[in-house]
Amino acid sequence: MAAFTIAAGTGNWFSALALGVTLLKCLLIPTYHSTDFEVHRNWLAITHSLPISQWYYEATSEWTLDYPPFFAWFEYILSHVAKYFDQEMLNVRNLNYSSSRTLLFQRFSVIFMDVLFVYAVHECCKCIDGKKVGKELTEKPKFILSVLLLWNFGLLIVDHIHFQYNGFLFGLMLLSIARLFQKRHMEGAFLFAVLLHFKHIYLYVAPAYGVYLLRSYCFTANKPDGSIRWNSFSFVRVISLGLVVFLVSALSLGPFLALNQLPQVFSRLFPFKRGLCHAYWAPNFWALYNALDKVLSVIGLKLKFLDPNNIPKASMTSGLVQQFQHTVLPSVTPLATLICTLIAILPSIFCLWFKPQGPRGFLRCLTLCALSSFMFGWHVHEKAILLAILPMSLLSVQKAGDASIFLILTTTGHYSLFPLLFTAPELPIKILLMLLFTIYSISSLKTLFRKEKPLFNWMETFYLLGLGPLEVCCEFVFPFTSWKVKYPFLPLLLTSVYCAVGITYAWFKLYVSVLIDPPVGKTKKQ
């Protein structure tokens, strides 16, 4: 209950929202859980029963430890609580071990760690501009933002059904964002450095943090037109930031450096042999690229331009995660994805530096960095779309244009997570929860910006409504057709490609908005 008492100053409504979603999480305890449940159980066993020198070498299970050291220590701490629930879960050789006590411990550990997320949402609400304040509580931006974050559909199903610990990690990220909004730059930098050593996927947004801190903290003054006053550069502040990053990194990586194991740790963190796409296609540029390759290969075979004997037997849609050679289009290498990602990120970084818009500009750059990395990264997980959706939530309650982009991104991104929950009992749960969240998001933001132009044009409305027929075809029609045996990958392909179109559109629309928006004139000292 400690998480709810922090909201006393905001009002009882925040406590009610936090308590309500916590009760919902408890109701989801008996639902399906993915192999990630076994992944984290195995990490509990590794960190509890083996010395630190073996953590990143242990390979009894295929689910080896591949998160940074802070997360390993987090599992180590959890394991000392887990032993009071079921000692057997901490045996490295108990592969795929499960018991009712293990289930309860792991589920409740995720729920408990969400205390940090609740606190971070509370802090983010303090940073929201209150100009658009309605008479009704439900029309207030802070209330809407609280619902969009606390009751986020994607986070609910990924953490509390599928099973992961994203809540407290996103709590760290949102708290660091809040501190930057509050001009507590050192705290924000410290929290983000800690976050990177919990989960390295947040490297996606590191360029936004680095450039913003350099631009708004290390340079202490701007000219009247908002451009940099170069003689205001502070070496003390740069050294302070560097020291924070160094100390956090030393605390995390120091023991493994002393053991001469850093190469082994990094080989686990960056496994490039896993291939371009994850087992479930993330709905990004490479999903469209793979689909085009499939279409061209089929056409080539039909027209006898391709030799069937030369077609690779492996299928990108079969759930494989190994390296794969495309049939018609050039095969993609990790270096190619890195170059594409950097090219996609650079314009947003350029705008953050040369067109300063304060914390809001940083938040838009962060979202674009997350989306660009999602669009063009190597072996991107479909769950990584949450890295763009959650910070975009803060923008959605401040400006109608950002609200429109948010609704397209979040609706499409959340639907793309549906293949994660493929069991029949969870079908009505995921459909109902997404419908409730989507209807609330659209209706609340339309009410908030009712005096401005409509949030969707006819094309966007048509596209979003198309998700309904797509779901009907994939879940209720396709299983009863003969194609289920011949083309088992088809629902996944259709979902990935359809959602990739929407996410690509949202990314492009946000980029255009960032590029054409003028810089904030007469910027105050930040």
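Everything here concerns the structure above.
All chains use their own residue numbering, which begins from 1 and follows the written sequence. It should be noted that, the model being predicted, local features are given only for residues of pLDDT at least 70 and side-chain atom pairs only at 80 or more, the latter also being counted only at that level, while totals for whole chains, interfaces and linings use all residues. The side-chain values count all of the structure's non-hydrogen atoms but skip hydrogen atoms and water molecules.

What to know about the packing of aromatic side chains
Centre-to-centre distance and the angle between the planes together describe a pair of aromatic rings.
Move 1: Pairing of aromatic rings covers Phe, Tyr and Trp, the last counted by its six-membered ring, and requires centre-to-centre distances within 6.5 Å; plane angles under 30 degrees mean stacked, over 60 mean edge-to-face, and any other angle means tilted. Tallied over the entire structure, the rule returns 41 aromatic pairs.
Move 2: Centre to centre, the rings of F163 and Y165 are 5.5 Å apart; their planes meet at 80 degrees, and the pair counts as edge-to-face.
Move 3: Per-residue accessibility, obtained with a 1.4 Å probe over protein chains only, is compared with the maximum for each type, and a residue is labelled buried under 20%, exposed over 50%, and partly exposed between these values. By relative accessible area, which is 0% here, F163 ends up buried.
Move 4: What makes Y165 buried here is its relative accessible area of 3%.
Move 5: With 5.4 Å between their ring centres and 90 degrees between their planes, F219 and W230 make a pair best called edge-to-face.

Notes on the pattern of salt bridges
Any two side chains of opposite charge can pair if their charged atoms end up close together.
Move 1: Here, a salt bridge means any Lys or Arg side-chain nitrogen found within 4 Å of an Asp or Glu carboxyl oxygen. Following the criterion strictly, the structure yields 14 salt bridges and no others.
Move 2: One salt bridge connects K25 with D114, and the closest N-O pair in it is separated by 2.7 Å. One end of the pair, K25, is in helix α2 (residues 12-27); the other, D114, is in helix α5 (residues 100-126), with 89 residues separating them in the sequence. Taken as a pair, K25 and D114 share a single burial class, namely buried.
Move 3: The partner of E139 in a salt bridge is R450, and the shortest N-O contact between them spans 3.4 Å. Taken together, the positions of E139 in the loop between α5 and α6 (141-150) and R450 in the loop between α18 (427-448) and α19 (458-465) put the pair 311 residues apart, joining distant regions of the chain.
Move 4: A network of salt bridges, in which partner residues are shared, links E123, K126, R179, R184 and E187. For helices the rule is a DSSP run of H or I covering at least 4 residues; for strands it is a run of E covering at least 2, with both sets numbered from the N terminus onward.

So, empty space enclosed by the protein
Remark: the empty space left among the atoms is shown by a probe the size of a water molecule rolled over them.
Move 1: Using only the protein atoms, space was sampled on a 1 Å grid; points where a 1.4 Å probe fits but cannot get out form cavities, open sets with protein on both sides within 12 Å along at least five of seven lines form pockets, and lining residues are those with an atom within 4 Å of a point. Grid points are joined across faces, edges and corners, and a volume is the space filled by probe spheres set on the points. What the rule picks out here adds up to 4 cavities of 30 Å³ or more.
Move 2: In this structure, the largest cavity spans a volume of roughly 90 Å³.
Move 3: Taken together, S348, C351, L352, K355, P356, Q357, G361, R364, C365, L368 and V514 make up the lining of the largest cavity.
Move 4: Put simply, the parts of the chain that give the lining of the largest cavity at least two residues each are α14 (334-354) and α15 (358-376).
Move 5: Residue contributions to the lining of the largest cavity peak at 4 residues, all from α15.

Remarks on α14
Move 1: What a helix should span is 1.5 Å times the count of its residues minus one. Its 21 residues give α14 an end-to-end C-alpha distance of 30 Å, which sits within 8% of 30 Å, the value for a rise of 1.5 Å per residue.
Move 2: The angle separating two fitted axes, one through the seven residues that finish at a residue and one through the seven that start at it, defines the bend at that residue. At L346, α14 shows its maximal bend, which comes to roughly 30 degrees, and the proline P347 appears one to four places after that position.
Move 3: Of all the positions in α14, only T337, T341, A344, I345, S348, I349, C351, L352 and W353 are classed as buried.
Move 4: The contact criterion used throughout is that any non-hydrogen atoms of two residues lie within 4.5 Å. The inward-facing, buried residues of α14 contact α10 (206-218), α13 (285-302), α15 and α22 (490-516).

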